[in-house]
Amino acid sequence: RMLDMGFIHDVRRIIATLREQRQTFCFSATVPTEIRELADGLLVDPVHIAVTPTSSAATTVEQSLYRVGRTRKIALLEHLLKHTQGMRQTLVFTRTKHGADRVAKRLNRAAINAQAIHGNKSQNARTRALEAFKSGHARVLVASDIAARGIDIDGISHVVNFELPHEPETYVHRIGRTGRAGNSGAAIAFCDSEEQPRWNKIERLIGHPVDEVTDHPFHGSHLEEEPRPPQQPRQRNDQQRNNNQPRNANRARRGGQRGGGPRRSRQRPG
């Protein structure tokens with residue numbers, strides 16, 4: 001992700017200044033195809049060492065799935081934060097920075113102290129949000145994927161996938177923010193009807209089904225929602241078009257008269 005943001009150019013500039021005879025180590029939490037191709041281009045006959053299988057979820061993280069309608073997700077999140085024991089330090093993931101701000105504002109209105117962190121915030125603002133979360137002043141940290149890269153905070157009890165990511169590997173990266181250093185953690189995923197194909201890919205990647213929780217007030221009848229109607233371009237009715245025709249025609253005639261003949265010079269009185 002950081003290479004996609006432009007850091008690849010800095011890496012190549014640094015490599016270009018190094019001597020040919022060197023020893024290089026590349027560390028990455030995940031090794032997708034793009035990273036492997038980068039390593040093959042920078043290293044000579046590299047050796048690949050994997051501590052755990054590719055994109056495997058930590059066994060110390062208890063995963064659960066909540067099927068809920070898209071518009072009911074925020075109500076479910078509030079419900080869990082108010083009625084689930086042990087959700088003392090919760091990291092919530094959204095797909096967009098606007099979604100992170102929106103969720104944080106709703107939680108604060110519900111008297112749940114939350115901070116948002118994303119790429120649009122300054123470094124000082126992100127630092128303040130992280131410090132508030134680490135100190136316990138903010139119970140919830142709502143983050144986008146870009147801002148969440150590299151977050152390592154001890155004591156995160158729960159990770160909530162408020163919106164499922166487009167890439168299944170990102171799900172594994174998200175839930176890895178809890179259950180670290182031998183501690184236990186919990187990962188909760190919200191899935192609406194439109195996100196079902198993404199969830200199928202996630203389960204195929206992690207290699208096993210995730211237990212579904214149905215004992216919550218927003219399951220069942222709230223799951224299926226009417227699809228959002230496509231936006232149609234605004235069209236004026238016939239009466240508006242007829243009303244505009246004479247005015248447009250007069251404007252055209254006036255324009256033709258002005259452009260067709262010579263202009264008269266106005267003389268100011270002496």
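Let me begin by describing the structure that accompanies this report.

Scoring rules and cut-offs
Residues numbered from 1 in each chain as written. Predicted model: local features only at pLDDT ≥ 70, side-chain atom pairs only at ≥ 80, totals over all residues. Heavy atoms only, no water. Helix = DSSP H or I, 4+ residues; strand = E, 2+ residues; numbered from the N terminus. Buried < 20%, exposed > 50% of the residue type's maximum accessible area, 1.4 Å probe, protein only. Contact = heavy atoms within 4.5 Å. Areas by Shrake-Rupley, 256 points an atom, 1.4 Å probe, with all protein chains shown as cover. Core = buried A, V, L, I, M, F, W, Y, C linked by side-chain atoms within 4.5 Å. Pairing = 2+ DSSP bridges. Axes fitted to C-alpha atoms, helices over the stretch in contact; angles between N-to-C directions. Arc of directions from axis to C-beta. Phe/Tyr/Trp six-rings, centres within 6.5 Å; stacked < 30°, edge-to-face > 60°. Lys NZ or Arg CZ within 6 Å of the ring centre and 35° of its normal. 1 Å grid on protein atoms, 1.4 Å probe; cavity = no way out; pocket = protein on both sides within 12 Å on 5 of 7 lines; lining within 4 Å. Points joined across faces, edges and corners; volume = space filled by probe spheres on them. Nonpolar A, V, L, I, M, F, W, Y, C, P; charged D, E, K, R; others polar.

Quick look at the overall build of the chain
- For the chain, the count of helices and strands is nine helices and six strands.
- For the chain, with 270 residues in total, the buried portion stands at 34%.
- Sequence-distant contacts, at least 24 apart, represent 75% of the contacts inside the chain between residues at least 6 apart.
- As displayed, the chain has an accessible area near 18,500 Å², and 48% of this comes from carbon and sulfur atoms.

Notes on the nonpolar core
- The biggest cluster of nonpolar side chains holds 23 residues, and the ones touching the most others in it are Leu-77, Leu-107, Val-140, Val-142 and Phe-190.
- Mapped by element, the contributors of at least two residues to this core are α3 (73-83), α4 (97-109), β3 (114-117), β4 (140-144) and β6 (185-191).
- The contact partners of Val-140, leaving out residues within four places of it in the chain, are Leu-81, Thr-90, Val-92, Leu-107, Ile-112, Asn-113, Ala-114, Gln-115 and Phe-133.
- By size, the runner-up hydrophobic cluster in this structure holds 13 residues, among which are Val-61, Tyr-171, Ile-175 and Ile-202.

Quick look at the sheet that holds strand β5 (residues 158-161)
- With parallel pairing, six strands are arranged side by side in an open sheet as β1-β6-β5-β2-β4-β3. At either margin of the open sheet sits one strand with a lone partner, and together these are β1 (61-67) and β3. On average, adjacent strands in this sheet sit at an angle of 20° to one another, irrespective of strand direction.
- As paired strands, β1 and β6 are joined by seven bridges and run parallel to one another. Note on β6: the bridge partner recorded for Val-61 is Gly-185.
- The strands touched by α4 within the sheet are β2 (90-94), β3 and β4, with β3 carrying the most contacts at an inclination of about 170°.

Observations concerning helix α2 (residues 33-42)
- Listed in full, the buried residues belonging to α2 are Leu-38, Ala-39 and Leu-42. Axial view of α2: buried residues confined to an arc of 100°, hence all on one face. Looking at α2, the residues exposed on the side facing more than 90 degrees away from the buried face are Thr-33, Glu-37 and Gly-41.

Some words on the packing of aromatic side chains
- Tallied over the full model, the rule gives four aromatic pairs.
- With centroids separated by 6.4 Å and ring planes inclined at 15°, the aromatic side chains of Phe-25 and Phe-27 adopt a geometry described as stacked. Here the two residues Phe-25 and Phe-27 agree in accessibility, since each one is exposed.
- Cluster of aromatic residues (ring-pair linked, three or more members): Tyr-66, Phe-162 and Phe-190.
- Note that Lys-73 overlies the ring of Phe-162, its terminal NZ or CZ placed 6.0 Å from the centroid.

Examining the layout of surface pockets
- Within this model, the second largest pocket holds a volume of roughly 330 Å³.
- Lining the second largest pocket are 15 residues, with Arg-70, Lys-73, Arg-102, Phe-162 and Glu-163 positioned closest to its centre.
- Elements with a contribution of two residues or more to the lining of the second largest pocket: α3 and α4.
- Broken down by class, the residue content of the lining of the second largest pocket amounts to three nonpolar, one polar and eleven charged.

On their own, these measurements won't tell you what the molecule is for.
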